[in-house]
Each structure stands twice: as structure tokens, then as C-alpha cells.
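# Fold and geometry: a report
Here's the letter readout for the chains.
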Amino acid sequence: MRGRTVRMAWALVGFGAMLMALSACSSASTAKQGQEENARPVLTVMAPLHFPNTPDAGLVDKLEELTGTTLSIEWVRDEIYTDKMNTALTTNSLKKATFAKYTDYILMKNSIRSGAFWEIGPYLDDYPNLKRLDEDILKQTAVDGKIYGLYTERPSSRQGIILREDWLDALGLKKPETIDGLYEVLRQFTNGDPDGNGLSDTIGLTDRDDLVFGAFKTLSSYFGTPNDWAVEGRRFVPEFETQGYMDTMNFMRKLYDEKLINADFAITSKDVQRNLLIRGKAGAYIGSMSDVARLASEARRINPDARFTLVNRIEGTDGYKVWSIPNFNGLYLFSKTAIRTEEELREILAFFDRTMDADVANLMRYGIEGRHYELEGGEIYLPEESSQLRVDEVASLYTLMIADLSNPNVMKVAEQEELSELADRLIEDNEKFIVRDPTVGLESPYYDQYGVELSKIVTDATYNYILGRLDEDGFRKEIAKWRANGGDKIIAEYEAAYFG
């Protein structure tokens, strides 16, 4: 009995020793893994979230693995992104890479000039992909001739009208081709019971508190309004002093007075605007046509019979017109507070350079083969049945992609959902009649410093006119205030930069 006890004791000692050895191995392995992860460059990022979900964690893990980087991404809902970015800027708490929207870039220029961000132009030639960035687009982003950001590439104009096709059919309507035709569709969508429930519970147009990427600026194109500025002889004329702008305000005022638009559009967020369309409360959405597949997919979860279509050509006073952006919709800037050394900056630039390689770029654009897309004969197929998965798990990563439209490593789509294909075709068609902003590439230091503050005068006056709180004389008095408070100086600087 005693021998058996001794044997058991030694067995326990041996087992304990084995456990200690395994534990030591495990600790060593964990420590090694931790060292490997700590050895990776850490990239903190602030980026806008345009979709309901952040990217799938597995995709982000794969992105980290391929790029040899540890990512810490703060995703900020698009409708509050500008405020969040401004707060980070004023509190000196920017991430290493911070996305600046094209429309917000003005807010950053004074900080750029004061040395808050790294100039990256001298480094681009050291990277195989970054050195191939488009020179013209880089020049569009330049501040005082210097390059500070990596741009996210977009078509010149994705703007158009998303419509409930089943509502058109129910009311016996065709797609609108003119401004009057568009008004009639919105009127009947509101008053004609397009959903057939016998209730007066629909509106024509859903809109939000955004005069640029909401409905207003696209509608203003139809009325012949210039894109921010018109060049008349040797004069620069701001868009809000043109007849087209006044006609657009009158059209929006009519929609508001006749209750063809959500009454609180001036304070409506993008999420609420989208939900009105998704839930079948509104039949038209004016904005990026690229959103149609996602909107349709979410709408069909509520009503499987909901069908959508697109219109990009509305004939207006000057034929077909649509406003455009430069060929970037934003860019990543690199904070000198967050990035202390040149070596660290080079590591971050290396990450973005790596994202342009084929394996990483196609992961970010399309996701995982067999789950999010199919690959046949070297071509991408985007099945309808995996559409929602792509929205939920992949789509948000697109914001991290730089210069993707001209990147030869991004595979082309051979076949995709019908609505996405239609959107791509109409976006390409927009190129035939875009209206460019003549100030792109010009410098107005006064505009950079005070333009945002001054623009509030015009924005408030525009909304107040549409809502009936100002008449035409009152609106023009507000524009005179804009001129007196610095608008005339901005005009003079642009004229000097343009005409020399």
C-alpha cells in the first residue's frame, strides 16, 4: 500500500512538472506572440462611418495580418463626423491618420499652414504604389503647392434621384425627365396613395440638413446654378447670387409649403432621411446613386415588394447639368502631435502603400471570396444573395481605400446586382454634363480662414427663405451682410488667383 502511495505521489509530482513545463511553453508562446504584435506599427485612424455597421472584425484582423499593422480605428457616424473632427482638431487629439472630407478640408488648411500636419509629398516616391498617385488630383489637394494628404478617389458626380419604382407603377407614372415631371412625381407620391393603404401617410421627397450632399445642390444644377462660383467676364459670382439659386429655393419652398417633403428636413439627420425611404414613408431620395442597392436591400427587409430605380438626367433651364466634386471626396492627413518621428510616418505611409497591392485592395473592396463574392476566370461576381453581407461586413472598409478608381490592382466587377450596375452606368453618364467649380486649385487665404463662418450666413438665409421666414428682399440683405463681412475680399482673392 505504501509503495502504491509513493508511486502515486511521484506521478503527481511528474504531472505537476509537466503542467509547469506546458505552462512555461504557453507563457513563452504568448509572450512571443505579444512581442510580435507589439513589434507591429500601431496605426490610429479616425474615419467616417457611412453604413449601419463597422467592418467585420475578421476582415480587420486579416487586414492587419496582410499589412503587418495593428489598427485602432475610431469609426464616427457620418452625420456627426465634422463636429467630431473639429473637436479633435481644437483639442489637439487627432489620430495618426485622420480623414478630412472634401467639404471640410477648408477647416484644416490653417492648421496645415501652422505646422499641425506632416508634409508627405517628399516621401511619396519612396513607395511603389504611392509614387503612382495621380498628379492632377494631388495638385487639387495641395496647400501652397505642398502635398499633405492621401486622397480617396471618387467619380466626379454620383448625384441623382433614387425612386420607388413600384410607386411609379402603382400610379401609372413614368420616370421624370424634367423639373416639372419631377415635381409631379413628388406631388403624386404624396397625395396619390402610392402604397395603396388608403391613408395619407406618404411624402414625395425625404431630405436632410445638408445643402451640399442633400437634395438642394443637385436640384440647383437642374435650375442652371453654377457649382459654387460662376465666372462672368472677369468677375467671380457666388452661386447664391444667381437666378438658378433663387429658382432652386423657390422650388424647395413650394415642396415645403405643399408638404411634399419632410417638414423637419432642415434639422433631419442622414439616418432619419434614409429611414423615411427604407420604411416606405417617402418615395424619392436625391443624393448619391451608389446608395441605391443598400437602401433597396434594407427596404425589402420591411417590404419584400419594394422596388427601386434611378434617374440621373433631369432636363432643366440649361439642358442637362449636374454639379461635381474634384476627383477626391476627402483625404487622410497625418498629425504631427500623434506621429512624433519621421520613421513612424514612414511606417504609416507604408501601410497605405500596402493597401493598394492586389491582395489587400481586393479584400477591402470586395471581402472574402466565397462569402462576399465569387471569382470566375479572374473576374469578380457579386451575387444578389450576398448583397446584405457585403453591406454589413465589408462596405465600411471602402472609406480606408485610397486612389482605388485608378488602382490597376483592384479587380473589375464582371457581374453585380442590377441596381448597382445601373448606378455605375448612370454615374459614368454624368461625366458628359458635369459642372465644375472654377475655384478648385485656387487659393483664397481669407476664405480658408473665415469661409466656414461666413457660409453660415448663407446657409441660415437659404433655410429661412425655404421655410418662409425670409422674403427675397430679406435674403438679399443677408447676402449683402456676407459681402460686407468678408465676402468681397474672398471674391477679390479668387479673381486675382484666377485672372492673375
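I will try to describe carefully the structure that is included in this document. (Residues numbered from 1 in each chain as written. Predicted model: local features only at pLDDT ≥ 70, side-chain atom pairs only at ≥ 80, totals over all residues. Heavy atoms only, no water.)

### Some remarks on the layout of surface pockets
Worth spelling out the cut-off: In this analysis a 1.4 Å probe is tested at points of a 1 Å grid over the protein atoms alone, and where it fits but cannot get out there is a cavity; an open set with protein on both sides within 12 Å along at least five of seven lines is a pocket; lining residues have an atom within 4 Å of a point. Grid points are joined across faces, edges and corners, and a volume is the space filled by probe spheres set on the points. Secondary structure elements are taken from DSSP: a helix is a run of H or I of four residues or more, a strand is a run of E of two residues or more, and numbering for both begins at the N terminus. Amino acids outside the nonpolar list (Ala, Val, Leu, Ile, Met, Phe, Trp, Tyr, Cys, Pro) and the charged list (Asp, Glu, Lys, Arg) are all regarded as polar, and Gly is one of them.
Each pocket or cavity is described by its volume, and for the second largest pocket that value is around 240 Å³. Taken together, 13 residues form the lining of the second largest pocket, with E165, R300, F308, E418 and L419 sitting closest to its centre. Of all the secondary-structure elements, those providing two or more residues to the lining of the second largest pocket are helix 11 (292–302), strand 10 (308–311) and helix 15 (418–430). No other element matches the four residues that helix 15 contributes to the lining of the second largest pocket. Classifying every residue of the lining of the second largest pocket gives four nonpolar, three polar and six charged.

### Considering the sheet that holds strand 5 (residues 159–164)
Hydrogen bonds along the backbone pair up the strands of a sheet, which may run parallel or antiparallel. Selection rule: Should DSSP find at least two bridges between two strands, the strands are regarded as paired. Inter-axis angles, ranging from 0 to 180 degrees, are taken between N-to-C directions of lines fitted to C-alpha atoms, where helices are fitted over the stretch in contact.
What the four strands build is an open sheet, ordered 6-9-5-10; its pairing is mixed. The sheet is open, and its two borders are formed by strand 6 (203–206) and strand 10, each paired with just one other strand. The average angle at which neighbouring strand axes cross in this sheet is 25°, direction not considered. In this sheet, strand 9 (residues 282–288) lies alongside strand 6 in parallel orientation, the contact comprising three bridges.

### What about helix 3 (residues 78–90)?
Three- or four-residue spacings in an α-helix give side chains the same orientation, since the helix completes a turn every 3.6 residues. Defined as follows: To estimate how far a helix should extend, the number of its residues minus one is multiplied by 1.5 Å. Here's how the labels work: a residue is buried when its accessible area is under 20% of the maximum for its type, exposed when over 50%, partly exposed in between, all with a 1.4 Å probe on protein chains only. Summarising the geometry, the arc corresponds to the directions from the helix axis toward the C-beta atoms.
Compared with the 18 Å implied by 1.5 Å per residue over 13 residues, the 19 Å span of helix 3 between its first and last C-alpha is a close match. Buried within helix 3 are the following residues: D78, Y81, M85, A88 and L89. The arc enclosing the buried residues of helix 3, seen along the axis, measures out at 95°, which places them on a common side. Turned more than 90 degrees away from the buried face of helix 3, the exposed residues are D83 and T90.

### Overview of helix 8 (residues 215–222)
Burial analysis of helix 8 places eight of its eight residues in the buried class, the great majority of the element. Residues A215, F216, K217, T218, L219, S220, S221 and Y222 constitute the buried set of helix 8.

### Remarks on unusual backbone geometry
The phi angle at N92 is positive, at roughly 60°, despite the residue not being glycine. Looking at where N92 falls in the secondary structure, it is placed in the loop between helix 3 and strand 3 (97–101).

### Comments concerning the packing of aromatic side chains
Going by this rule: Each pair of aromatic rings taken from Phe, Tyr and Trp, with Trp reduced to its six-membered ring, is defined by centres within 6.5 Å and is described as stacked if the planes are under 30 degrees apart, edge-to-face if over 60, and tilted in the remaining cases. To sit over a ring, a charge needs its Lys NZ or Arg CZ within 6 Å of the ring centre and within 35 degrees of the ring normal.
Taken as a whole, this structure holds 25 aromatic pairs when the rule is applied. With a centroid separation of 6.4 Å and 80° between ring planes, the pair formed by F240 and Y245 is classed as edge-to-face. Of the residues examined, F240 reaches a relative accessible area of 11% and is grouped as buried. The structure contains a cluster of three or more aromatic residues connected by ring pairs, namely F216, F240, Y245, Y465, F475 and W482. Geometry around Y465 places R253 over its ring, the cationic atom sitting 4.6 Å from the centre. Sitting over the ring of Y398, R365 keeps its end group 4.5 Å from the ring centre.

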